[in-house]
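# Survey of secondary and tertiary structure
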Amino acid sequence: MSGVKFSAEQMDKLKNAMNRASMPGTSSISVSAEQSVSDTAQSDGWNPHGTNLAKGTYLRIEEDEMTAWLYLAPPDHGQIYTKGELMTYLEKSGVVKGYHSSNLSAMIKKQVYDREILVAKGAEIIPGQDGYFEYLFSPEEYGVPKIREDGSVDYTNMSALQNVRKGDKVAIYHYAVQGTDGYTVCGTEMKVTPARDLPPMRGKGILRENNIYYAQSDGKIEVKDGKVDIQNVHEIMGDVNMIIGKIEFFGDVIINGNVESGVTIRAGRNIEIHGTTGAATLFAGGDVVLSRGIQGGGKISARGSVFADFIENTTVEAGGMVQSNTILNAQISAKNKVITTGKKGCIIGGYVHGLKGIEAMAAGSDVEVKTILHCGYEAAAYEKLLDVRRRENETKDKLSELVETMTEALREKRMRGSSTAASTEAKLSEWNLLKDQYFEELDKIGRDRETLEETMEESRGAYIKVDGHIYRNVIISINAEQMVLDRNTSFMKYSADRGIIEGVVIVHH
């Protein structure tokens, strides 16, 4: 605008235009040389793009170029604007798409002057939707447990099983829906991200017809790692006693009654017992759900997790977590966490180990029952790791010495040729066998070492948290360290730093 001179009238109009642009709810003016307020400051020959638009007319384009607003100054007395003039002005000013035709017509018909009117609007991108599977069953692994009035968890409604019948619809695939590109009033195209379809569903026991999937057999259905799997289920409606004795099944086992002491149940997948469980022996390739708990000296071994109303005088080994309302005089070992739930949520007596941690509402009792809470790696595992590393180094040294001996013998054999002694040949054969044994031993030791090192790594950050009372004589043990509480306390979280157990008070907000 260098060299342009403004009259008093032009300055007033310029100020009014700028003030309107800065009003609340409007964004800043984005103007081109043709659109701009500077057009209002031109001489009496002001004639934007060959139209009869009066001085003071301007076009405001939002910074994102999604809307354009026209301020139309009144025409000289006796003159009338045409819609064509407005369209020409917009186009020449760079607004080429999204015209608001009805507003433009109204400005002419109703002679709308001296205020901004929306005259063009861009189109926002309408996102598409990727293809997805609609499961006609709940793909969650368990139902949500109910919370009792006392705050404890009711495990009776937990189930790892959802059954289907042959021919049932189990899933519908919804194909991807492509979105719509957008554009600005200045004609800039905005491309939508293409929606993608999923590959066909994988799994066992399902049949696909077009986009619908059906069950091919009766059984339990679940989703794991994106695959639908239908497995056979062995279900018993009544009690299991010593007359039945043993149950072995490759799939899931459901007992809708009680399980008496002495019974053994082996399941390739999950075990669910909806009645009481005595001193039984349970082996599960998946999870164990005991709606009414277990007592009496039984044993549970699960590759997955264990959920029980209570666990009393029972040995439990879990590859996942152990969760219960109450744990009494039990021997618990979990590769994840041990959690007691509800307001009482207590651990009393016994030895409870959670590799990643323990969370409870109370620990121990007022009669000072010896209760050991341990998290992190166990001392025996650490000692075993040291032993494995020692044996690995010793075996490597033996192998290195053997290789040197064999290398020297082979060098001597090459020098002597056919005159090599028979004893040397025999030794070389013997050494080869020994070398293979060393390599096999190193492979096994290496696998053991990696497993133990993974355990050490998984135990990082392990903690013991008690949200209520902790009674005297409870032993807090983390990794290879332990401390015996010599007085009652409460609301504590314990962790280990550089071999020292530290406790901090839990602050409840």
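Residues numbered from 1 in each chain as written. Predicted model: local features only at pLDDT ≥ 70, side-chain atom pairs only at ≥ 80, totals over all residues. Heavy atoms only, no water.

Helix and strand counts for the protein come out as 5 helices and 36 strands. Within the protein, the fraction of its 509 residues that count as buried is 41%. Here the contacts in the protein between residues at least 6 apart in sequence split such that 43% fall between residues at least 24 apart. Total accessible area on the protein stands at roughly 27600 Å², and carbon and sulfur atoms take up 49% of it. (Helix = DSSP H or I, 4+ residues; strand = E, 2+ residues; numbered from the N terminus. Buried < 20%, exposed > 50% of the residue type's maximum accessible area, 1.4 Å probe, protein only. Contact = heavy atoms within 4.5 Å. Areas by Shrake-Rupley, 256 points an atom, 1.4 Å probe, with all protein chains shown as cover.)

Quick look at the sheet that holds strand S15 (residues 227-231) now. Reading across from one edge, S7-S14-S15-S11 is the order of the 4 strands in this open sheet, with mixed pairing throughout. A single partner strand is all that each edge strand has here, and the edge strands are strand S7 (163-164) and strand S11 (202-204). Pairing analysis gives 3 bridges linking S11 to S15, with the strands arranged parallel. Along S15, the bridge assignment pairs Arg 202 with Lys 227. (Pairing = 2+ DSSP bridges.)

Another point: the confidence of the model for the protein. Averaged over all residues, the pLDDT of the protein is 85; the fraction at 70 or higher stands at 86%. Taken together, the stretch residues 1-11 has pLDDT below 50 and engages in 11 contacts with residues farther than four places along the chain or on a different chain. Within the model, the stretch residues 17-44 combines pLDDT values under 50 with 57 contacts to residues more than four positions away or in other chains. (pLDDT = per-residue confidence, 0-100.)

Strand order across the open sheet formed by 4 strands is S4-S8-S13-S12, with antiparallel pairing between neighbours. Either end of the sheet is taken by a strand with one partner, and the two such strands are strand S4 (132-135) and strand S12 (206-209). The mean inter-strand angle of the sheet, taken between neighbouring strand axes irrespective of direction, is 25°. Examined bridge by bridge, S4 and strand S8 (residues 169-174) share 4 bridges and lie antiparallel to one another. From the neighbouring strand, Phe 133 faces S8, where its bridge partner is Tyr 173. (Axes fitted to C-alpha atoms, helices over the stretch in contact; angles between N-to-C directions.)

Within the element layout of this structure, Ala 360 appears in strand S29 (residues 357-360). On a C-alpha basis, the gap between Ala 360 and Gly 342 in space is 8.9 Å, while along the polypeptide they are 18 residues apart.

Further remarks concern the packing of helix H4 (residues 379-416) against helix H5 (residues 422-458). A pair of packed helices can be characterised by two numbers: the angle between their axes and the separation between those axes. Where H4 contacts H5, the axes come no closer than 9 Å and their chain directions differ by 155°. Taken as axis vectors, H4 and H5 run roughly antiparallel relative to one another. Considering how the two elements wind past one another, H4 and H5 form a crossing that is left-handed. Here the residues of the contact of H4 with H5 are counted per class, giving 18 nonpolar, 4 polar and 13 charged. (Parallel < 35°, antiparallel > 145°, perpendicular 65-115°, else oblique. Left-handed = near helix turned anticlockwise from the far one by under 90°. Nonpolar A, V, L, I, M, F, W, Y, C, P; charged D, E, K, R; others polar.)

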